[in-house]
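Observations on the three-dimensional arrangement
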Amino acid sequence: MCSRRPWVALLALAASLASASDDAPSAERARLNLETFDTAWRLVDERFWDPEFGGVDWDAVREELRPEAERSSSDRELREVIGRMVARLGQSHFGVIAGSPDDGNDSGSVDAGDGQPTCADGLPEHLLAALETSTPTGASAGPGLDVAWAEGTTLVARLDPEGPAMRAGIGLGWELLRVDGQPLADVARCLGAGLGPRTLASLQHALVAAMLGGLPGTALELELRDARGEPRSIRLEREDPSDSQIAHFGNLPPLRVRFSQRNLVVQGPPADGLRIGVLRFDVWMIPIANLFEDAMVELQDAGGIVLDLRGNPGGIAGLAPGIAGFFMDEKLSLGTLRYRNDELRLNANPRRVTRTGQRLTPYEGPLAILVDQFTASTSEIFAAAMQDHGRARVFGEPTAAAALPAVIERLPNGDLLMHALADFERPGGGRVEGAGVTPDQLVPVTRDGLLRGVDEPLQAAVDWVILESVRKDAEAAAVEEAAAAPGGEIR
């Protein structure tokens, strides 16, 4: 019996070595792992705005995690290692987006061990391409609806008048489930290792917009749940948004942007006849500057203005000073963008003349700004500055907390790395990145409100503008009365 023990031990050792060999990645897999990990590390090493990496020893992080990356047996494992690497920086705008299926798993969602389903099939290639070219470029044709996330669901929040969705009978508050057969829940599962929840939500919103958008006349299949909870499948054709315009700038090709102006007139007391301008645009691109100027010329005598930045992902930060100049009479700071070797100080540029030479005075009336969880980048910078200087009251929901200029780049294994290039400090000294802009008055979108046809954040903003207008009129009347009184003196 004793003579058999060495053989038993050798068999156990052989089984153990065979098991280890089975678990070890192939030479080609290990090579791709290292190439992907090293590329992600290098991109951050070369571009992170802080050369001290916030006190993190970035070289040591590489040495620590590189062996784990090499041993990864699947893209999912490698994704998790790279996610942990960039998470050491403690920033919200860094992470990995799945560009391939979670190899080695069955189809469908898979539990990663923490109760969260992983991305089993990867994002479709056209959505990955949309993320890589994520710089806002203006409106595309679509179904004539915008969505909001409320109560854990994707809801129809706005409908273009007489647009395809409205003509098809789609209603506000309906839940959007699938676009061209793609379940929206699966899109959420594929987004990001290490990305913060607000950044994930912003990317999801951008992807849904990309799924809905396309060329005019192309077909679109939507699966929804209506107001009664009944499933509905609706096929329609994309059309250019009703509030979009072709804008021209210099020698650039024509650009289609969405810009709308509504004039609300109060009926009855306490401010009968008060006119309130509601301005909304979809992206901070050069053509918006002229459209905004034309609107502000027309609104000089308005009793108040509501600027709707909900769902606006940002764009060119350099436009913010000019737009702020329509509401500020001084060159006040809008904040500072800090890159590794440079910084950009944004200051309001008071607008005293139009592009045609017409005299203009910065608007002094009440200004309300609407934001939501998809208000990001330049839109957050602008809202934060107006809030810090007390020039506007902000309504809605906390913003995306994604003010930093960020890029999304493809890695050798097909995944995408999201990383930021600069830091931003708001005029009041705080950071927007990771914190967002907290509204002065929290007014979430609710399904009940949508089903009733009520835009609750807009209603709250309009109510405030009315009260502010009444208050200012009362103060002005009191000043006039004091000045007219015998011996009256104004101090």
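Our structure is the block above this text.
Residues numbered from 1 in each chain as written. Predicted model: local features only at pLDDT ≥ 70, side-chain atom pairs only at ≥ 80, totals over all residues. Heavy atoms only, no water.

Tallying each qualifying case throughout the model produces 16 aromatic pairs. With a centroid separation of 5.5 Å and an interplanar angle of 50°, the aromatic rings of Trp-284 and Phe-382 are classed as tilted. With Trp-284 in the loop between strand 12 (275-281) and helix 9 (287-298) and Phe-382 in helix 11 (residues 378-388), this pair connects stretches of sequence that are 98 residues apart. When sorted by exposure, Trp-284 lands in the same class as Phe-382, which is buried. Ring centres of Phe-327 and Tyr-363 lie 6.5 Å apart, and the angle between their planes is 90°; on these two criteria the pair is classed as edge-to-face. With Phe-327 in the loop between helix 10 (320-324) and strand 14 (333-338) and Tyr-363 in the loop between strand 15 (343-347) and strand 16 (367-371), the pair connects residues that are 36 residues apart, well separated along the chain. Taken individually, Phe-327 and Tyr-363 each receive the classification buried, so the pair is uniform in this respect. Three or more aromatic residues joined by ring pairs form one cluster here, namely Phe-259, Phe-281, Trp-284, Phe-292, Phe-326, Phe-327, Tyr-363 and Phe-382. (Phe/Tyr/Trp six-rings, centres within 6.5 Å; stacked < 30°, edge-to-face > 60°. Helix = DSSP H or I, 4+ residues; strand = E, 2+ residues; numbered from the N terminus. Buried < 20%, exposed > 50% of the residue type's maximum accessible area, 1.4 Å probe, protein only.)

A few words now on the pairing of strand 4 (residues 145-150). Every other side chain in a regular strand lies on the same face of the sheet, so the side chains alternate between the two faces. Among the six residues in strand 4, six count as buried, and that is most of the element. Burial of the side chains of strand 4 extends over both faces: Leu-145, Val-147 and Trp-149 are buried on one face and Asp-146, Ala-148 and Ala-150 on the other. Where strand 4 hands over to strand 5 (residues 153-159), the hairpin turn is made up of two residues, of which Glu-151 adopts a positive phi near 55°. (Pairing = 2+ DSSP bridges.)

On to the pairing of strand 18 (residues 406-410), then. Sheet analysis places strand 18 next to strand 19 (residues 416-420), joined by five bridges and oriented antiparallel. Following the sheet pairing, Glu-409 is matched in strand 19 by Leu-417. Count of turn residues in the strand 18/strand 19 antiparallel hairpin: five residues, of which Gly-414 carries a positive phi of about 100°.

Attention shifts here to the sheet that holds strand 19. The strand order 1-19-18 describes an open sheet built from three strands, whose pairing is antiparallel. If you trace the sheet from one side to the other, it starts and ends with strand 1 (95-97) and strand 18, each paired once. When the angles between neighbouring strand axes are averaged without regard to direction, this sheet yields 25°. For strand 1 and strand 19, the ladder comprises three bridges, and the chain directions are antiparallel. (Axes fitted to C-alpha atoms, helices over the stretch in contact; angles between N-to-C directions.)

A few words now on the packing of helix 2 (residues 27-47) against helix 4 (residues 75-87). Running from amino to carboxyl end, helix 2 crosses helix 4 at an angle of 25°, the nearest separation of the two axes being 11 Å. As the angle between them shows, helix 2 and helix 4 are arranged roughly parallel. For the pair helix 2 and helix 4, the sense of crossing is right-handed. Taking contact as the criterion, the partners of Arg-29, Asn-33, Thr-36, Phe-37, Ala-40, Trp-41 and Val-44 in helix 2 are, on helix 4, Asp-75, Leu-78, Val-81, Ile-82, Met-85 and Val-86. When grouped by side-chain class, the residues that make up the contact of helix 2 with helix 4 number nine nonpolar, two polar and two charged. (Parallel < 35°, antiparallel > 145°, perpendicular 65-115°, else oblique. Left-handed = near helix turned anticlockwise from the far one by under 90°. Contact = heavy atoms within 4.5 Å. Nonpolar A, V, L, I, M, F, W, Y, C, P; charged D, E, K, R; others polar.)

This brings us to the pattern of salt bridges. Going through the model one piece at a time under the given rule, you end up with 39 salt bridges. Note that Asp-38 and Arg-62 form a salt bridge whose closest N and O atoms lie 3.5 Å from each other. One end of the pair, Asp-38, is in helix 2; the other, Arg-62, is in helix 3 (residues 58-71), with 24 residues separating them in the sequence. A network of salt bridges, in which partner residues are shared, links Asp-146, Arg-158, Asp-160, Asp-243, Arg-258, Arg-280, Asp-308, Arg-310 and Asp-455. (Salt bridge = Lys/Arg side-chain N within 4 Å of Asp/Glu carboxyl O.)

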